[in-house]
Amino acid sequence: MSASSSNTRTPRLLRYPRRFKLVAMITVLLFAAALVVAALAAWRQDNLTQSYREDTAWVAYKLDRDAVQLLNHLLSATRGTLSPAAQDDLNLRFELLYSRMTLLQEGEVSLLLENISNATTLLADIQQQLDRLDPMIEPHDFLAQLPVMELETELQMLNRLTERFVIAINGYLAESATEERALLSMLYKLLMSLLVGMSLAVLLVIVFLVREMRESAAARREQEQLSHQLEVTAKQAQAANHAKSDFLAMVSHEIRTPLNGVIGMSELLREPASPDQIEDYARTIHESANQLLAMINEILDFSKIEAGHLTLDTSPTALQPLLDSVVSLFEPRAKAKGLLLTLHVDPLVPAWVMIDASRLRQILLNLIANAIKFTDHGKVAIRVHATHTRLTFEVCDTGCGLSEEQQAILFEPFQQADETVARRYGGTGLGLAICKRLSDAMQGGLGVRSATAQGSTFWCELPLVETTPDNTPLPAEPAHDFTGTSLLLVEDNAINRKVATGLLSRLGCDVVCAENGRDALTLVNAQQVHLIFMDIQLPDMDGIQVTQKLRSQGGWLAKVPIVAMTAGGVGDDRQRCLTAGMSDYITKPLSLRTLSNVLSLQLRDASCQDALTALPTERTKTGEVSLLNRATLGMLVESLGADSVNQLVTLYYQQTSDYFAQIAACLRSSERLTEEQSRQLAHLAHQLRGESLGIGAESLAFEAKRLETIASHPAASQRDVDKAVSVMRQTAARTHAALEKWRCDNCSDE
């Protein structure tokens, strides 16, 4: 378990710098103050201007009123005899009228009059008129008799001038008022805009402050969460380190145990021993090596899943034969422990479903193996039931059970429910983790219901997609023969070279060895062989480059089978080898069975390659290929026992049925073969060929190879493929009948 790799960033306590916020607030305050001062100044200036205008209008009005009153008083006084007192009163009123002109000609009033059209001219005319009236209106002491008629005429002229003067000033004031109202309206709009802007600025500052407060609180919470997460991560890292140490110790123990068997028994083989002892030592070495290989494969499977290289091969699958084959594998083990192993399939479960049969089988094998391993008495029951959308498999046992703490870590990699488990039973602790990931990849789930001392029920729930098998008529069966002679082994490792040479020699092959690619290129020029085993990792150049150089030479090297041998077996190695021109691909460690299958298939294919690519199939003059290789079956009985071979045959029936169902589904999807369908057909045929050779069904293996060759050929037609599949079905039916007869003849007593 690794530390969390989440993209948690360090929170910023201050999104906006403090200086920026301080400057923003000061700016807003200064802006508001400037608005206030400007408003006060404008208000004061407006008051002063309005006061000047009112004073000017008042003086002009009084000038006009005094002129009118002077005329009226003159008319009133001259209705009779003008008395000296009345004359003096007229003079006084004239002097007052004259003084009004002084107010209009001095100070800021005169500046205002300069802006009024015709006001200055009218004022000059009024002044001139007053100057004409001045010598005509004197006190009684200076002028005994006033010229009333002339005065009346001049005063009427003065009244007209003052009236025009008042009208001009009032017109100016009206225009000024209109302009001021328009300006005031604009100023109001500007003021509102400024107020809105200032409000927005204030609001922005408030938002800054509120956001700062919220982000500060959120930052504190994030820091607390980060601190808590770091504590959890530290604990997880410590737990992961502890699990790693435990895993290394466990793997070290698990590796040393089978290695001890291999090394110890091989030491004993070097000493003199009886044939029975030698056989016992060899069997122990073989079992220890298989145990070591199974553990390594389990670790590699988990690594492949974790790396995202898991692929699913969904196809129509018959559930009942699959379940029967799995249960039959564990019946001897359950019987040896005194356990009752039962299988119940609900009647509602469909006979055929779309599923990855190999992955489902892997899950069931692991769950049933664990149930038997941890159950000392009682029974193990496998139950299968279905709903409209889900298919559920349950494996129930009467074992020791699991506590809640144990269940919490049960599906984690390298974990086991009890520390004593590894000491008592062994294992890497990866089985359930792999099953969990397989079920998740299949859009399902895996879980457990258990209680201490009350047994456990492991369940696997998968999507249910019901389907039907394909039924195709089976035509007549063809056959072919093959032989093999000499081989070239290209291998740089001395031990691997010795092992391969020994196994191949035991199969009757003459082996020529090359330690690197350069030696291989030299040997093929001096000697022709029937087949080449090519290691991928060579010291001077890799096996793919050597293969390409061999193929490029043409002649017999263009057609000779080249089989890749590698210890990798992961990723796209197989596809790279086949693309480079290799004929097949096997992984180390090697075994007699694997090498026998490859030799049988490839040597026979090399002898009849032309017949395979030119349909229809022809029989050779040397005879027909037998349905069964009884020597292979006899070797299986001798090595595994009759019961195990019976179970193997049952499993082979299921596998064959699965492959035919997948082939039928592939052909049914369209009327014309696509490139993807051709690759899938070749892949299925290749798998069926390998399993058929393993059980000794050589004729069916040959037909599977025919289908693989046809599907891989660019010019293959749908008719050719259908014909090859039909021939393969007929061969399968005859092979199954022959296997049943062989079981009756050879395993009836078991």
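Quick caveat: nothing in here was measured; it's all calculated off a predicted structure.

What to know about the overall build of the chain
Counting its regular elements, the chain contains 22 helices and twelve strands. Taken across its 750 residues, the chain has 40% of its residues classed as buried. Here the analysis covers contacts within the chain between residues at least 6 apart in sequence; of these, 74% occur between residues at least 24 apart. Only carbon and sulfur atoms are counted for the fraction: they give 55% of the accessible area of the chain, which is about 41,000 Å².

Structural notes on the sheet that holds strand β12 (residues 584-587)
Taken in spatial order, the five strands of this open sheet run β9-β8-β10-β11-β12, and their pairing is parallel. Unpaired on one side and paired on the other, β9 (510-514) and β12 mark the two borders of the sheet. Along the sheet, successive strands turn relative to each other by an average axial angle of 20°, direction set aside. In this structure, strand β11 (residues 562-566) lies alongside β12, joined through four bridges in parallel fashion. Within β12, the residue paired with Ala564 across the bridge is Tyr585. Sheet strands touched by helix α13 (residues 517-526): β8 (486-490), β9 and β10 (531-535). Its angle to β9, the strand with the most contacts, is close to 135°.

Notes on the confidence of the model for the chain
In low-pLDDT segments, the atomic positions of the prediction should not be examined closely. On average, the chain scores 76 in pLDDT, and the residues at 70 or more come to 80%. Residue range residues 1-14 is modelled with pLDDT below 50. Its contacts to residues more than four positions away, or to other chains, number 19 contacts. A low-confidence stretch, residues 471-483 (pLDDT under 50), is modelled with 49 contacts involving residues beyond four sequence positions or located in other chains.

Quick look at unusual backbone geometry
Its identity is not glycine, yet Gln443 carries a phi of approximately 65°, on the positive side. As for its placement among the helices and strands, Gln443 is situated in the loop between α11 (431-441) and β6 (445-450). By relative accessible area, which is 59% here, Gln443 ends up exposed.

So, the sheet that holds strand β2 (residues 340-345)
Strand order in the open sheet formed by five strands is β2-β4-β5-β7-β6, with mixed pairing between adjacent strands. Pairing within the sheet leaves two strands with one partner each, and these edge strands are β2 and β6. The sheet shows a mean angle of 15° between the axes of neighbouring strands, taken without regard to direction. In the sheet, strand β4 (residues 379-386) pairs with strand β5 (residues 390-397) via seven bridges, with the strands oriented antiparallel. If you follow Ala381 over to β5, its bridge partner there is Cys396. Strands β4, β5, β6 and β7 (456-463) of the sheet are contacted by helix α8 (residues 357-373), whose axis makes an angle of about 20° with β5.

Focus: the pairing of β6
Here β6 pairs with β7 via six bridges, running antiparallel. Looking across to β7, one finds that Gly445 is bridged to Glu461. The hairpin formed by β6 and β7 contains five residues between the paired strands, and Ala453 there has a positive phi angle of roughly 65°.

Brief notes about the packing of helix α2 (residues 84-105) against helix α4 (residues 119-133)
Contact geometry for α2 and α4: axes closest at 11 Å, N-to-C directions at 150°. By the angle between their directions, the pair α2 and α4 is classed as roughly antiparallel. Like other packed secondary-structure pairs, α2 and α4 cross with a definite hand, here left-handed. Contacts between α2 and α4 pair Phe94, Leu97, Tyr98, Met101, Leu104 and Gln105 from the former with Leu123, Ile126, Gln127, Leu130, Asp131 and Leu133 from the latter. Residue composition of the contact of α2 with α4, grouped by class: nine nonpolar, two polar and one charged.

Details of the nonpolar core
In terms of nonpolar packing, the biggest core is built from 42 residues, with Leu360, Leu391, Phe393 and Phe458 touching the most fellow members. Sorting the residues of this core by element identifies α7 (319-336), β3 (352-355), α8, β4, β5, α11, β6 and β7 as the ones contributing at least two each. Here Phe458 is in contact with Leu367, Phe393, Glu394, Val395, Leu402, Leu410, Phe411, Leu432, Gly447 and Val448, once residues within four sequence places are set aside. Counting 39 residues, the second-largest nonpolar core is a separate cluster that includes Val59, Leu63, Leu82 and Phe94.

Considerations on a nonpolar patch on the surface
Together, Leu183, Leu184, Met186, Leu187, Tyr188, Leu190, Leu191, Met192 and Leu195 make up an exposed nonpolar region whose accessible area comes to about 820 Å². By secondary structure assignment, the location of Tyr188 is in helix α5 (residues 148-269).

Quick notes on the packing of α8 against α11
At a minimum axis separation of 10 Å, α8 and α11 run at an interaxial angle of 145°. In this structure, α8 meets α11 at a crossing whose hand is left-handed. The segment α8 lies against α11, with Arg359, Gln362, Ile363, Asn366, Leu367 and Asn370 engaging Gly431, Leu432, Ile434, Cys435, Leu438 and Ser439. A class-by-class count of the residues in the contact of α8 with α11 yields six nonpolar, five polar and one charged.

Quick look at the environment of Asp346
As for its position among the elements, Asp346 is in the loop between β2 and β3. Along the sequence, Asp346 and Arg383 sit 37 residues apart, while their C-alpha atoms lie 7.7 Å from each other. Every residue in contact with Asp346, bar those within four places of it in the chain, is listed here: Val384 and His385. Among the polar contacts made by the side chain of Asp346, one reaches the main-chain amide nitrogen of Leu348 at a distance of 2.8 Å.

Overview of the side chain of Glu708
In this fold, Glu708 is placed in helix α21 (residues 698-712). Side chain to side chain, Glu708 and Arg689 meet in a polar contact 3.2 Å long. In this structure, Glu708 is in contact with Ala682, Ala685, His686 and Arg689, ignoring residues within four places of it in sequence.

With respect to the pattern of salt bridges
What the rule picks out here adds up to twelve salt bridges. For Arg390, the salt bridge identified is with Glu461, shortest N-O distance 3.6 Å. Of this pair, Arg390 sits in strand β5 while Glu461 sits in strand β7, and the two are 71 residues apart along the sequence. Arg497 is the salt-bridge partner of Glu515, the closest N and O atoms lying 3.5 Å from each other. Of this pair, Glu515 sits in the loop between β9 and α13 while Arg497 sits in helix α12 (residues 494-506); the two residues are 18 residues apart in sequence, bridging distant segments of the chain. Members of the salt-bridge network, linked through shared partners, are Asp584, Arg689, Lys705 and Glu708.

Description of the environment of Ala697
Topologically, Ala697 is positioned in the loop between α20 (675-695) and α21. In this structure Ala697 comes out as buried when scored by relative accessible area, which is 0%. Counting along the chain gives 65 residues from Ala697 to Thr632, while the straight-line C-alpha distance between them is 9.2 Å. The contact partners of Ala697, leaving out residues within four places of it in the chain, are Leu627, Leu628, Tyr652, Ser692 and Thr735.

Quick notes on the rules
Residues numbered from 1 in each chain as written. Predicted model: local features only at pLDDT ≥ 70, side-chain atom pairs only at ≥ 80, totals over all residues. Heavy atoms only, no water. Helix = DSSP H or I, 4+ residues; strand = E, 2+ residues; numbered from the N terminus. Buried < 20%, exposed > 50% of the residue type's maximum accessible area, 1.4 Å probe, protein only. Contact = heavy atoms within 4.5 Å. Areas by Shrake-Rupley, 256 points an atom, 1.4 Å probe, with all protein chains shown as cover. Pairing = 2+ DSSP bridges. Axes fitted to C-alpha atoms, helices over the stretch in contact; angles between N-to-C directions. pLDDT = per-residue confidence, 0-100. Parallel < 35°, antiparallel > 145°, perpendicular 65-115°, else oblique. Left-handed = near helix turned anticlockwise from the far one by under 90°. Nonpolar A, V, L, I, M, F, W, Y, C, P; charged D, E, K, R; others polar. Core = buried A, V, L, I, M, F, W, Y, C linked by side-chain atoms within 4.5 Å. Patch = residues over 30% accessible without salt bridge, like charges linked within 9 Å, V, L, I, M, F, W, Y side chains within 5 Å. Salt bridge = Lys/Arg side-chain N within 4 Å of Asp/Glu carboxyl O. Polar contact = N/O pair within 3.5 Å; in protein donor to acceptor, adjacent residues only side chain to side chain.

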